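One letter stands for each residue in the lines below.
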Amino acid sequence: MAAFLPAEMEEGRPPQQVLPGLWVFPPNRDTQGGTAWLLALPQRPPVLIDCPALTAATLAALAGPPGLIVLTGRAGHGRCRRLQEAIGWPVLVQEQEAYLLPGLPQLRPFGAAHDLAGDLRLLWTPGPSPGACVLHAAGAHDLLFCGRLLVPLAPGRLGPLRTAHTFHWPRQQRSLERLQQWLPAGSPRWLATGAGLGALRGEKLVPGPAQAAQ
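Criteria and cut-off values
- Residue positions within a chain follow its written sequence, with the count starting from 1.
- Restriction of local features to residues with pLDDT of at least 70 applies here, the model being predicted, together with a cutoff of 80 or more for giving and counting side-chain atom pairs; totals for whole chains, interfaces and linings are based on all residues.
- The side-chain figures draw on all heavy atoms in the structure; neither hydrogens nor water molecules are used.
- Where helices and strands are cited, they refer to DSSP runs of H or I of at least four residues and of E of at least two residues respectively, numbered from the N terminus.
- N or O atoms closer than or at 3.5 Å make up a polar contact, with two conditions inside protein: a donor-capable atom paired with an acceptor-capable one, and, for residues adjacent in sequence, both atoms drawn from side chains.
- Contacts between residues were defined by any pair of non-hydrogen atoms, one from each residue, lying within 4.5 Å.
- What makes a salt bridge here is a side-chain nitrogen of Lys or Arg within 4 Å of a carboxyl oxygen of Asp or Glu, nothing more.
- For the exposure calls, accessible area comes from a 1.4 Å probe over protein chains only, and a residue counts as buried if that area is under 20% of its type's maximum, exposed if over 50%, partly exposed in between.
- Arc definition: directions from the helix axis to the C-beta atoms.
- Two rings belonging to Phe, Tyr or Trp (six-membered ring only in the last case) form a pair when the distance between their centres is within 6.5 Å. Interplanar angles under 30 degrees mark stacking, angles over 60 mark edge-to-face geometry, and anything in between is tilted.
- Placement of a positive charge over a ring is assigned whenever Lys NZ or Arg CZ falls within 6 Å of the ring centre and within 35 degrees of the normal to the ring plane.
- A cavity here means a set of points on a 1 Å grid, drawn over the protein atoms and nothing else, where a 1.4 Å probe fits but cannot get out; a pocket is an open set with protein on both sides within 12 Å along at least five of seven lines, and a residue lines either one if it has an atom within 4 Å of a point.
- Grid points are joined across faces, edges and corners, and a volume is the space filled by probe spheres set on the points.

Engineer: Run through the side chain of Gln 84, naming residues and quoting values.
Structural biologist: Residue position: Gln 84 is located in helix α2 (residues 80-87). Engagement of the side chain of Gln 84 in a polar contact is seen with the backbone oxygen of Pro 105, the distance being 3.1 Å. Leave out the neighbours within four places in its chain, and Gln 84 touches Trp 89, Val 91, Leu 104, Pro 105 and Gln 106.

Listed below in structure tokens is the structure:
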């Protein structure tokens, strides 16, 4: 870990393990109560999806092997610059929103889609923000990290929601159609949103098509 430690560092709460190799962080006030996730599977570098609160507990959770930060949209950036300074991980962001992080070391923009090592794939899904994207982790868990493209509506239910912060609603609808074509048939097993989880009433993940079919 880098020597950078903010003087106002809060202790914070550690992330909660949801599945083997998957942790969810507490709500982050810097992202309007949004949710960040850590995917740390054996034999693979860890992937942090969106930015959790910059606390001592967060840095402790990320103190293992170096990994990658993936930003699913501008609402999930939070204090990305300061977090990246603290842990030194590269940041992957859709090119439409790379301008929001000028001069950030190891910033890696991507275009319409991007394949990471193994079974991790990114798809640009504009609508919630210009550079919104989703991350599909096929593997054993078959997870779709959908950022703010789908948000909690009720326990066990995610869906698109037009808000005052929505960048372009028709494009969001088209992104959902493209996402359905992009995903393998019956996938994903689980959905993980980057929005606040309050409407899920204690749930963290929402079943996807593959889970519902079992």
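Further notes follow.
Engineer: Tell me about the pattern of salt bridges, residues and numbers included.
Structural biologist: In total, this model carries two salt bridges according to the counting rule given. As a salt-bridge pair, Glu 10 and Arg 29 come within 2.5 Å of each other at their nearest N and O atoms. Highlighted residues: Glu 10 in the segment before β1 (16-19) and Arg 29 in the loop between β2 (22-24) and β3 (37-39), separated in sequence by 19 residues. Classification of Glu 10 as partly exposed rests on a relative accessible area of 40%. Overall, the relative accessible area of 62% leaves Arg 29 in the exposed class. Between Arg 44 and Asp 119 there is a salt bridge; the shortest N-O distance is 2.6 Å. Here Asp 119 lies in the loop between β8 (113-115) and β9 (120-124) and Arg 44 lies in the loop between β3 and β4 (47-49), a separation of 75 residues in the sequence.

Engineer: Could you give an account of α2, naming the residues involved and the relevant values?
Structural biologist: Think of an α-helix as 3.6 residues a turn; residues three or four steps apart then line up on the same face. Cys 80, Leu 83, Gln 84, Ala 86 and Ile 87 are the residues of α2 that are buried. Looking straight down α2, one finds its buried side chains confined to an arc of 160°; they lie on one side. Within two residues after α2, Gly 88 carries a phi angle of roughly 75°, on the positive side.

Engineer: I'd love a proper account of the packing of aromatic side chains, names of residues and values included.
Structural biologist: Considering all chains together, one arrives at one aromatic pair under this definition. Here the guanidinium or amino end of Arg 121 rests over the ring plane of Trp 182, the centre of that ring lying 4.0 Å away.

Engineer: Provide a residue-level description of empty space enclosed by the protein, including the pertinent values.
Structural biologist: If you roll a probe as big as a water molecule over the atoms, it shows you where there is empty space left. A complete count under the given rule lists one cavity of 30 Å³ or more for this structure. Taken together, Asn 28, Thr 31, Gly 34, Thr 35, Ala 36, Asp 50, Cys 51, Ala 75, Gly 76, Arg 148 and Gly 194 form the lining of the largest cavity.

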